[in-house]
Amino acid sequence: MIKPTKRRVLSALCTGGGVLLAGCTAVSEESTVTNEPATTEGDDETTPTESTPSVPHFPGNTTSSACPAFDNTELVVCYEAVDPEEMPIVLVPEAQSVQPEQPVEFTLRNQSEQQFETNHYHWQLYKRVDGDWYYIAPEFWPEPLMLLEAGDEHTWTVTVATGRVSDGDSIENVEGTESLTLAGLGGGNYAFGTDGWFAAASYEDSIALATGFNLNADQLQLTPTTAISETEWDGETLVARSTRGESDGEDDQPDKFILERIDGSEIDAERVIAEQVVRNDQLRDSIALSRKHDADRVRLEEFSSSIPPFGLQDARTYEFGGQQYRVTVREEEPS
């Protein structure tokens, strides 16, 4: 449930083998900002040359509780806190009250005289619950470097889809730079945003642009996915079998995703909300089945294609709806 940071992803792409993306080749350690004019020396005098442009100025306080803090950014420009006409760059919503199935536009406007470097795939969606912000989507994204020239703008058109969670569908990751259809969202306060940096700076001086909006919809109800084919009790353990994944052979056994309700004393438990849980099929199915059948222990049997199974190396503890859960996995070897 932890949001991967732009810096971590970009670093992995640039230092790893394989094909370099534009975002790697364009970022350089020499991309620093200076306000000192360069000079050339002649025989008897020093002649100033053209100075390096500085980062545009953002007047006043740009932050607001209507927007999250964002990770690894030097500045957050929240639409609710600023005069959008006075900002060198700003994210402007078409509306701040959103209805399901009705598209709404979010437009990034570069009103400066300088190029803005960004990634239109890296839009970001957060939800605020009880005063805290939770990262929702996307879970992963391509990493090309994209340029928004001075005076240009870019628009994302977002549509909130309904019905997919209650119907038992999995919530797939959404990738896109213009048209985005997002499922698995319940009513409440959200923020849409993106980030980038001006050409005079570097990716280490990233600026986040965001705006809040309210989604007028019912709260999300946690239900098992349609991949759960059967359930049965094994003593005090509820055993659920999933149709996800494929066996590698006749003797291949499904891996085990094990969820246990615990007493709530784990201080490091990661608090999660429904919009996050539904984006993890195994966690969603296990918690939903535990709540539906009042089971203290759920064993989900499913073939996992990842190593370690389900991408879980160590035990994890989550807090959801006032209850804490410990999650572990057991990898099954062919018999």
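Use the structure listed above.
Definitions and limits used
- Residues numbered from 1 in each chain as written.
- Predicted model: local features only at pLDDT ≥ 70, side-chain atom pairs only at ≥ 80, totals over all residues.
- Heavy atoms only, no water.
- Pairing = 2+ DSSP bridges.
- Helix = DSSP H or I, 4+ residues; strand = E, 2+ residues; numbered from the N terminus.
- Contact = heavy atoms within 4.5 Å.
- Axes fitted to C-alpha atoms, helices over the stretch in contact; angles between N-to-C directions.
- Polar contact = N/O pair within 3.5 Å; in protein donor to acceptor, adjacent residues only side chain to side chain.
- Disulfide = S-S within 2.5 Å.
- Buried < 20%, exposed > 50% of the residue type's maximum accessible area, 1.4 Å probe, protein only.
- Core = buried A, V, L, I, M, F, W, Y, C linked by side-chain atoms within 4.5 Å.
- Salt bridge = Lys/Arg side-chain N within 4 Å of Asp/Glu carboxyl O.
- Expected span 1.5 Å × (residues − 1).

1. Some thoughts on the sheet that holds strand E19 (residues 297–302)
Move 1: Spatial strand order, E15-E16-E19-E17-E21-E20-E18: seven strands in an open sheet with mixed pairing. Each edge of the open sheet carries a strand with a single partner, namely strand E15 (228–234) and strand E18 (270–271).
Move 2: The sheet contact formed by strand E20 (residues 316–320) and strand E21 (residues 323–330) spans five bridges and is antiparallel. Across the sheet, Tyr318 pairs through a bridge with Tyr325, a residue of E21.
Move 3: The strands touched by helix H4 (residues 281–293) within the sheet are E15, strand E16 (237–242), strand E17 (255–262), E19, E20 and E21, with E17 carrying the most contacts at an inclination of about 50°.

2. Brief notes about the environment of Arg316
Move 1: Tracing the chain through its elements places Arg316 in strand E20.
Move 2: Measuring from C-alpha to C-alpha, the distance between Arg316 and Asp268 comes to 9.4 Å, with 48 residues separating the pair along the chain.
Move 3: In this structure the side chain of Arg316 is engaged in a polar contact, spanning 2.8 Å, whose partner is the side chain of Glu270.

3. Observations concerning the state of the cysteines
Move 1: Under the definition given, this model contains one disulfide.
Move 2: Each sulfur in the disulfide pair Cys67 and Cys78 lies 2.1 Å from the other. Residues Cys67 and Cys78 are joined through a disulfide that is right-handed, its torsion about the S-S bond being 70°. Taken together, the residues Cys67 in the loop between strand E2 (46–48) and strand E3 (75–78) and Cys78 in strand E3 connect sequence positions 11 residues apart. We note that Cys67, like Cys78, is buried.

4. Re the nonpolar core
Most often, soluble globular proteins have nonpolar side chains that are buried together.
Move 1: In terms of nonpolar packing, the biggest core is built from 34 residues, with Trp123 and Phe192 touching the most fellow members.
Move 2: Those elements that place two or more of their residues in this core are strand E4 (89–93), strand E6 (104–110), strand E9 (132–137), strand E11 (153–160), strand E12 (179–182), strand E13 (188–198) and strand E14 (207–215).
Move 3: Core analysis: the next-biggest nonpolar cluster, separate from the first, contains 28 residues, Ile228, Leu238, Val272 and Phe320 among them.

5. Some words on the pattern of salt bridges
Move 1: For the structure on display, the rule yields 15 salt bridges.
Move 2: Across the pair Lys127 and Glu275 runs a salt bridge, and its minimum N-O distance is 2.9 Å. Taken together, the positions of Lys127 in strand E8 (residues 124–129) and Glu275 in helix H3 (residues 274–277) put the pair 148 residues apart, joining distant regions of the chain. Considered together, Lys127 and Glu275 belong to a single accessibility category, that of buried residues.
Move 3: One salt bridge connects Asp130 with Arg271, and the closest N-O pair in it is separated by 3.0 Å. Here the residue Asp130 occupies a position in the loop between E8 and E9, and Arg271 occupies one in strand E18, the gap between them amounting to 141 residues.
Move 4: According to the relative accessible area criterion, Arg271 is partly exposed, its value standing at 35%.

6. Brief notes about H4
Move 1: Here H4 contains 13 residues, and its C-alpha end-to-end distance of 18 Å stays within 8% of the 18 Å for a straight helix at 1.5 Å per residue.
Move 2: Among the 13 residues that make up H4, 10 are buried, leaving the element largely enclosed by the rest of the structure.
Move 3: All of the buried residues in H4 are Asp281, Gln282, Leu283, Arg284, Asp285, Ser286, Ile287, Ala288, Leu289 and Ser290.
Move 4: Phi turns positive, to about 55°, at Asp294, one or two residues after H4.

7. Notes on the sheet that holds E4
Move 1: In space, the four strands of this open sheet follow the order E4-E6-E11-E12, with mixed pairing throughout. Edge positions in the sheet fall to E4 and E12, since each has one partner strand and no second. The mean angle between the axes of side-by-side strands here comes to 20°, regardless of whether they run parallel or antiparallel.
Move 2: Sheet analysis places E11 next to E12, joined by four bridges and oriented parallel. In the strand pairing of E12, Val158 is matched with Leu180.

8. Considerations on the pairing of E14
Move 1: In terms of residue burial, E14 counts as a mostly covered element, since eight of its nine residues are buried.
Move 2: Two elements, E3 and E14, share four bridges in a ladder whose sense is parallel. Within E14, the position partnered with Cys78 by the bridge is Ala210.
Move 3: Where strand E5 (residues 97–98) lies against E14, two bridges are found, and the strand directions are parallel. Residue pairing in the sheet places Val98 in a bridge with Leu215 of E14.
Move 4: The sheet contact formed by E13 and E14 spans nine bridges and is antiparallel. Each residue of the ladder has a partner; that of Thr194, found in E14, is Leu209.

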